[in-house]
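Below, each chain spelled out in residue letters.
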Amino acid sequence: MEPIEKGQPLPPRQLDQSLVVLILAAGLGTRMKSARAKVLHELGGLPLITYVCRAAQSLRPEKIYVVVGHQASEVEQAVETEVGDRAVFVMQTEQRGTGDAVMSAQSQLENSDSLVLILSGDVPLIRQATLEDFISQHRTSKAACSILSVRLENPTGYGRIVRDEGDCFLRIVEQKDANPEEQPIKEINSGIYCFDARKLFAALKRVEPSNQQGEYYLTDVPEILLADGEKVNVHLYGNAREVSGINTRAELAEFENLMRRSTIRKLMVDDGVTFLDPSHAYVSAEAEVGRDCIIYPGVSIEGKSVIGEGCEIRSGTRIANSRLGNNVVVKDHCVVIDSEIQSNCAVGPFAHLRMNAILEEGSVVGNFVEAKKSRLGAGTVTCNYDGKDKHRTVIEDDVRIGSDTMLVAPVRVGKGSVTAAGSVVTEDVPPNTLVAGVPAVVKKKLKSSDE
């Protein structure tokens, strides 16, 4: 898929009929057994709807309409984070089926001359190339409606594509409404459609809730159009997994595993990364890992983390939204969150870096160290053990520690103070002072940031 910056304005493609995308994202997803809207459940650290938005944006439509309902504000935020002001939100106030969801956009689209591509917000693996081919076939066929279908060995739960003796489309029948002859049909509706906007909404007005669920089915529209003499095209696609939605937590876990395996295989084959046990490591699809890195079992690299070349990440370590330079060694059971470790550093074991902690090049952080909102330079040593007892070193806000400084605990380095390179600090450093020497003494008073 072509990379597109979030919210980047892109001109719509020059086509005879402009394209708009309509994403259905209003449902709660009762089979998830959750109070959280289904499209907000995360895959690879991102909401499901993020992936659908990326696929939609890659097509460069005029607008991306998103039908929201449950937890609308949270869904809108997730969409806007990805596509910016290209998104238009419409509210489905009652959950009365897919036809009712599409009708929520009636006022915006019913008088449009656009081609409407309808997607579900829970289909994260759909690819740009697949959608482009589907749209192209729809345009070529000059159909009023095109349906993307796939074959499943077990079609339970899905609407069946019913064809006539000439293999042409007759209708879509939902699982609960299918008769004994229709139940065994293996060709199912993926829920991805192309429609002529005007014809779509004209037909939707004639849909009746005559099914067992009392819902307005979007799947009734192709049959109505066919009865009106319009052409309905069915595009049978060969990869069922790509167009599958996620309906249960079990399916979510399957997709997570699939994505994890794909990401790790690419890193091994294309990027020269060694995984000692690929089945017991996790790397976000958003992360970058450099050549000749060695990843031990039980490592988790999350979010948009960037790992340089030649790094060694040992067992039990979690790295989230952080940046590592080259030749960094992170020993066992460390946690690095929202932080930076520059090249040639060593961390751990059992260290915790968080809240924008920064280790400058060549720094070493040892056992059981926690650093937050801190910048540590090369050669800084906290001497916390006197041979009998361990003591605490406290470094307050806005402190600058010079290279090769030794902090002999118990000691407190006051806010806004500076230690010169090579200092050995044996007594508390007053706030806003410069200390230097062995042992370190106050050399001058520094201007306070409050002054």
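Residues numbered from 1 in each chain as written. Predicted model: local features only at pLDDT ≥ 70, side-chain atom pairs only at ≥ 80, totals over all residues. Heavy atoms only, no water.

Peer 1: Which residues make up the nonpolar core, and what are the values?
Peer 2: One finds Ile 23, Ile 49, Val 75, Leu 117, Leu 119 and Ile 192 to be the most contacted residues of the largest nonpolar core, which totals 39 residues. For this core, the elements supplying multiple residues, two or more each, are strand 1 (19-25), helix 1 (48-58), strand 4 (64-68), helix 2 (72-83), strand 6 (115-120), helix 5 (128-141), strand 7 (145-151) and strand 10 (187-196). Other than its neighbours up to four places away in sequence, Leu 119 contacts Val 21, Leu 22, Ile 23, Leu 24, Val 52, Ala 56, Leu 131 and Ile 192. Counting 33 residues, the second-largest nonpolar core is a separate cluster that includes Val 90, Ala 101, Ala 144 and Cys 145. (Core = buried A, V, L, I, M, F, W, Y, C linked by side-chain atoms within 4.5 Å. Buried < 20%, exposed > 50% of the residue type's maximum accessible area, 1.4 Å probe, protein only. Helix = DSSP H or I, 4+ residues; strand = E, 2+ residues; numbered from the N terminus. Contact = heavy atoms within 4.5 Å.)

Peer 1: Account for the packing of aromatic side chains, naming residues and giving values.
Peer 2: The geometry of an aromatic ring pair is captured by two quantities: the separation of the ring centres and the angle between the planes. Enumeration over the complete set of coordinates arrives at two aromatic pairs. Residues Tyr 193 and Phe 195 carry aromatic rings whose centres are separated by 5.5 Å and whose planes lie at 25° to one another, so their mutual orientation is stacked. Classification of Tyr 193 as buried rests on a relative accessible area of 4%. Ring centres 5.1 Å apart and planes at 10° place the aromatic pair Phe 350 and Phe 368 in the stacked group. Residue Phe 350 is found in the loop between strand 24 (346-347) and strand 25 (352-354), and its partner Phe 368 is found in the loop between strand 27 (364-365) and strand 28 (370-372); the two are separated by 18 residues along the sequence. Overall, the relative accessible area of 41% leaves Phe 350 in the partly exposed class. (Phe/Tyr/Trp six-rings, centres within 6.5 Å; stacked < 30°, edge-to-face > 60°.)

Peer 1: Just give me the short version of the sheet that holds strand 22 (residues 335-337), but keep the residues and values in it.
Peer 2: Strands sit in the order 13-16-19-22-25-28 across an open sheet of six strands; the sheet is parallel. Two strands close off the open sheet at either side, each with one partner strand: strand 13 (282-283) and strand 28. Here strand 13 pairs with strand 16 (residues 300-302) via two bridges, running parallel. Opposite Tyr 282, over in strand 16, you have Ser 300 as the bridge partner. (Pairing = 2+ DSSP bridges.)

Peer 1: Give a detailed account of the pattern of salt bridges, specifying residues and quantitative values.
Peer 2: Tallied over the entire structure, the rule returns 19 salt bridges. The partner of Arg 127 in a salt bridge is Glu 242, with the nearest N and O atoms 3.3 Å apart. Here Glu 242 lies in the loop between strand 11 (232-236) and helix 8 (249-271) and Arg 127 lies in the loop between strand 6 and helix 5, a separation of 115 residues in the sequence. For Arg 127, a relative accessible area of 42% corresponds to the partly exposed category. Taking the relative accessible area as the measure of exposure, Glu 242 reaches 4% and is therefore buried. A salt bridge links Glu 182 to Arg 171, with the shortest nitrogen-to-oxygen separation between them at 2.6 Å. Of this pair, Glu 182 sits in the loop between strand 9 (169-173) and strand 10 while Arg 171 is found in strand 9, placing the two residues 11 residues apart along the sequence. A relative accessible area of 7% means that Glu 182 is categorised as buried. For Arg 171, a relative accessible area of 27% gives the class partly exposed. Salt bridges here are not isolated pairs; linked through shared partners, they connect Arg 54, Glu 82 and Glu 286. (Salt bridge = Lys/Arg side-chain N within 4 Å of Asp/Glu carboxyl O.)

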